[in-house]
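A look at the structure
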Amino acid sequence: MRSPVCRIVLAFTLASVPSHRVAAQATITNPHGTLPQQLDCTSCHTNESWKAMRTPLAFDHDRQTRFPLAGQHARASCLSCHLSAKFDEPKLTANDCATCHVDVHQGNLGQNCEACHTPTRFRDVNGVGLHVRTGFPLTGAHLQLACTACHRDSRNGSYTSLNSDCVACHQKDYTGSTVVDHVAAGFSTDCRRCHSDLTWHGGVQFDHLTASTGKFALLGAHAQLRCASCHIPPSGTLKWTPSSQTDCVACHQSAYAGAHGGSGFPTTCADCHTVNSWNSDFNHGTATSGTFALTGAHVALACTKCHTPGTFTPIWNATGGNDCVACHQTLYDQNHTGSGFPTTCLTCHTTSAWSGAIFTSHDAQYFPIYSGAHQGQWGNNCATCHSVPTDYSVHQCLSCHAKGTSDASHAAVVGYLYTSQACYGCHPRGTH
């Protein structure tokens, strides 16, 4: 049998053959099916050989067909789509993907392939973006999973629809919890009520108040505790049975006994402590009916500095916040015995520190030290002028005023003496 090429050549050479035989030959010379009328052989072939194709082709596939060649289609050979070189087959449009490509999804995702794929790269698919169109957008830890982790029975990408309820995939997590028996506790199978899709164990948002019928909300430090701190896993049985949110001692009996045993302190821990920390938020002023608020250096003192450990009986019997000498008698005796100073320590001192006493009435009653020539000259230290701590009636001027300088200044003064008493006698207000 002659090839198509031979048939065409023979048609040109048999000029003397009867016309009816030539016509019969001509009807079978084109192997490409029905082609556009304006298209002749030289649009694709050359005179040198049938197999030597013209470069570039005069045939514009994008313009002259209903199927523009884009992406990978532009690099495909003609016979990849036009089997047996029949160019009028297959009859399809650019979105008739399933005509040439097997639908691995088995119709589960519809026939519009272009909704997910492009002709540039078939596997270049935005799975996360596409999943948003479903009833289960991928968030949290689900973003890290392979498709087959959930679509286990969806072979070769068929991706059948799945039940989007958490427990549909996490039934074993629900029934096999080693922290709290979810089945026995009657927990909802809507896992999102307590868990997040970031992790099963982190950031659990469990409504403890509702579960405890309104008795115990997890506040402060309690919110950071693991369930097993108060419950026996996995049954969830309570280790203690507090009657209410304020029944702290039901759980913290050992802490109370260790700190307050025998003291007579009430077991209403919230009076002094908070749910944030055991560190006391005790209001001493309120507890003493307003007679002794803790101020200054007293705030930082341990309770045992003033109270007997265990019983918390006051070591001293101060009548109030101003009765400093009741606690500080020893300091008063060391510094002021025989001075005639009153025992109202706050007249000169503050609760912040003993040093740096401020006796503001000194200027008016005795001698200007906060004003005049001596202002700032004594370094806020009483001992600068009062050399006998036990007798503040004794004062001296000579440690600051040198004899040579003083003698020179008083050369013309009759009866001049270089003594502290003489200085004060002539200069009672510290002026010249």
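These lines cover the structure that appears in this document, whether it is placed above or below. (Residues numbered from 1 in each chain as written. Predicted model: local features only at pLDDT ≥ 70, side-chain atom pairs only at ≥ 80, totals over all residues. Heavy atoms only, no water.)

Bringing the overall build of the protein into the picture now. Counting its regular elements, the protein contains 16 helices and two strands. A compact globule built from 432 residues would reach a C-alpha radius of gyration of about 22 Å, whereas the protein, at 52 Å, exceeds it by more than 25%. Residue burial in the protein is summarised as follows: out of 432 residues, 17% are buried. In the protein, the proportion of contacts linking residues at least 24 apart, taken out of those at least 6 apart, comes to 40%. As displayed, the protein offers around 30000 Å² of accessible surface, 58% of which is attributable to carbon and sulfur atoms. (Helix = DSSP H or I, 4+ residues; strand = E, 2+ residues; numbered from the N terminus. Rg over C-alpha atoms; globule rule 2.2 N^0.38 Å. Buried < 20%, exposed > 50% of the residue type's maximum accessible area, 1.4 Å probe, protein only. Contact = heavy atoms within 4.5 Å. Areas by Shrake-Rupley, 256 points an atom, 1.4 Å probe, with all protein chains shown as cover.)

Along the polypeptide, Thr139 turns up in the loop between helix H6 (127-131) and helix H7 (147-150). Sequence spacing of Thr139 and Val204 is 65 residues, and the spatial spacing of their C-alpha atoms is 17 Å.

Moving on: the side chain of His284. With respect to the element layout, His284 can be found in helix H12 (residues 284-287). If we skip the residues at most four places from it in the chain, His284 touches Phe292, Leu294 and His307.

For the coordinates displayed, the defined rule picks out two aromatic pairs. Between Phe367 and Tyr424 the ring centres are 6.1 Å apart and the planes differ by 45°, which places this aromatic pair in the tilted class. Taken as a pair, Phe367 in the loop between helix H14 (362-365) and helix H15 (403-409) and Tyr424 in helix H16 (residues 420-426) lie far apart in primary sequence, 57 residues in all. The class of Tyr424 is partly exposed, set by a relative accessible area of 34%. Ring geometry for Tyr370 against Trp378: centres 5.6 Å apart, planes inclined by 80°, an arrangement best described as edge-to-face. (Phe/Tyr/Trp six-rings, centres within 6.5 Å; stacked < 30°, edge-to-face > 60°.)

For the rest of this paragraph, the subject is the environment of Tyr256. Relative to the elements of secondary structure, Tyr256 occurs in helix H11 (residues 253-260). Judged by relative accessible area, which is 14%, Tyr256 ranks as buried. When neighbours within four sequence positions are excluded, Tyr256 is seen to be in contact with Val249, Gly261, Phe265, Pro266 and Thr267.

We now examine the pattern of salt bridges. In this structure the tally under the stated criterion is four salt bridges. When the shortest N-O distance is used, the salt bridge between Arg192 and Asp190 registers 3.5 Å. The class for Asp190 is partly exposed, based on a relative accessible area of 31%. Between Asp407 and Lys403 there is a salt bridge, with the nearest N and O atoms lying 2.7 Å from each other. Highlighted residues: Asp407 and Lys403, both in helix H15, separated by four residues, approximately one helical turn. With relative accessibility at 24%, the residue Asp407 sits in the partly exposed group. For Lys403, a relative accessible area of 45% gives the class partly exposed. (Salt bridge = Lys/Arg side-chain N within 4 Å of Asp/Glu carboxyl O.)

Let us now look at the environment of Leu138. Note that Leu138 resides in the loop between H6 and H7. Dropping the residues within four chain positions of it, Leu138 is found in contact with His131 and Leu143.

Here the focus is the state of the cysteines. In the structure shown here, the tally under the stated rule is zero disulfides. Free cysteine Cys166: the closest other cysteine sulfur is in Cys191, separated by 4.5 Å. You can see Cys272 has no disulfide; the closest cysteine sulfur is in Cys269, sitting 8.6 Å from it. On the basis of relative accessible area, Cys272 is assigned to the buried category, the value being 18%. (Disulfide = S-S within 2.5 Å.)

Take helix H8 (residues 166-175) next. Of the positions making up H8, those classed as buried are Cys166, Val167 and Tyr174. Around the axis of H8, the buried residues are gathered within 60° of arc, so they sit on the same side. On its buried face, H8 is in contact with helix H9 (182-185). (Arc of directions from axis to C-beta.)

Moving on, we get to unusual backbone geometry. The amide bond that connects Glu89 to the next residue, Pro90, takes the cis arrangement and shows omega of -5°. A cis geometry characterises the amide bond from Pro233 onward to Pro234, with omega recorded as -10°. Relative to the helices and strands, Pro234 is located in the loop between strand E1 (231-232) and strand E2 (237-238). Within the chain, Ser84 stands out as a residue other than glycine whose phi angle is a positive 60°. Tracing the chain through its elements places Ser84 in the loop between helix H4 (78-81) and helix H5 (97-100). Not every positive phi belongs to a glycine, and Ala85 is a case in point at roughly 60°.

Purely geometric numbers; function is a separate question.
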